[in-house]
Amino acid sequence: MNFQIEQASVQGRPRWRVHACGMTFTFPTQESAHNFASKLAERVDAPHPLPAETLKYWDAQQARMKQGIR
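Residues numbered from 1 in each chain as written. Predicted model: local features only at pLDDT ≥ 70, side-chain atom pairs only at ≥ 80, totals over all residues. Heavy atoms only, no water.

Caption draft 1: A look at the environment of R17. By the secondary structure assignment, R17 is in strand β2 (residues 13–20). Taking relative accessible area as the criterion, R17 reaches 27% and is therefore assigned partly exposed. Once the C-alpha coordinates of R17 and A41 are considered, the two residues, 24 residues apart in sequence, prove to be 16 Å apart. (Helix = DSSP H or I, 4+ residues; strand = E, 2+ residues; numbered from the N terminus. Buried < 20%, exposed > 50% of the residue type's maximum accessible area, 1.4 Å probe, protein only.)

As structure tokens, then:
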């Protein structure tokens, strides 16, 4: 995941902005911005296994689509 962390000024106060996934998050300190970016990357990059029921349902739907059944 790509992040951009930049320093900005909001109402004359220094702030830190984290840009990720088309969104911007503002933090009062550089440390808090880096902590957020690190934790977000950790969560996004973590494995996300799907439940067996979901995989079974998707397999059934794919089989129906291949047969032209709606």
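Now that the structure has been shown, we can carry on.
Caption draft 2: Region of the structure containing the pairing of strand β3 (residues 23–27). Sheet topology note: the β2/β3 ladder contains five bridges and is antiparallel. What sits directly across from A20, in β3, is M23. Joining the antiparallel neighbours β2 and β3 is a turn of two residues, in which C21 adopts a positive phi near 55°. (Pairing = 2+ DSSP bridges.)

Caption draft 3: Focus on the packing of aromatic side chains. Tallied over the full model, the rule gives two aromatic pairs. Ring geometry for F27 versus F36: centroids 5.0 Å apart, planes at 40°, classification tilted. Accessibility expressed as a relative area gives 16% for F27, which makes it buried. Exposure remark for F36: the relative accessible area of 24% places this residue in the partly exposed category. Taken together, the ring pairs in this structure connect F25, F27 and F36 into an aromatic cluster. (Phe/Tyr/Trp six-rings, centres within 6.5 Å; stacked < 30°, edge-to-face > 60°.)

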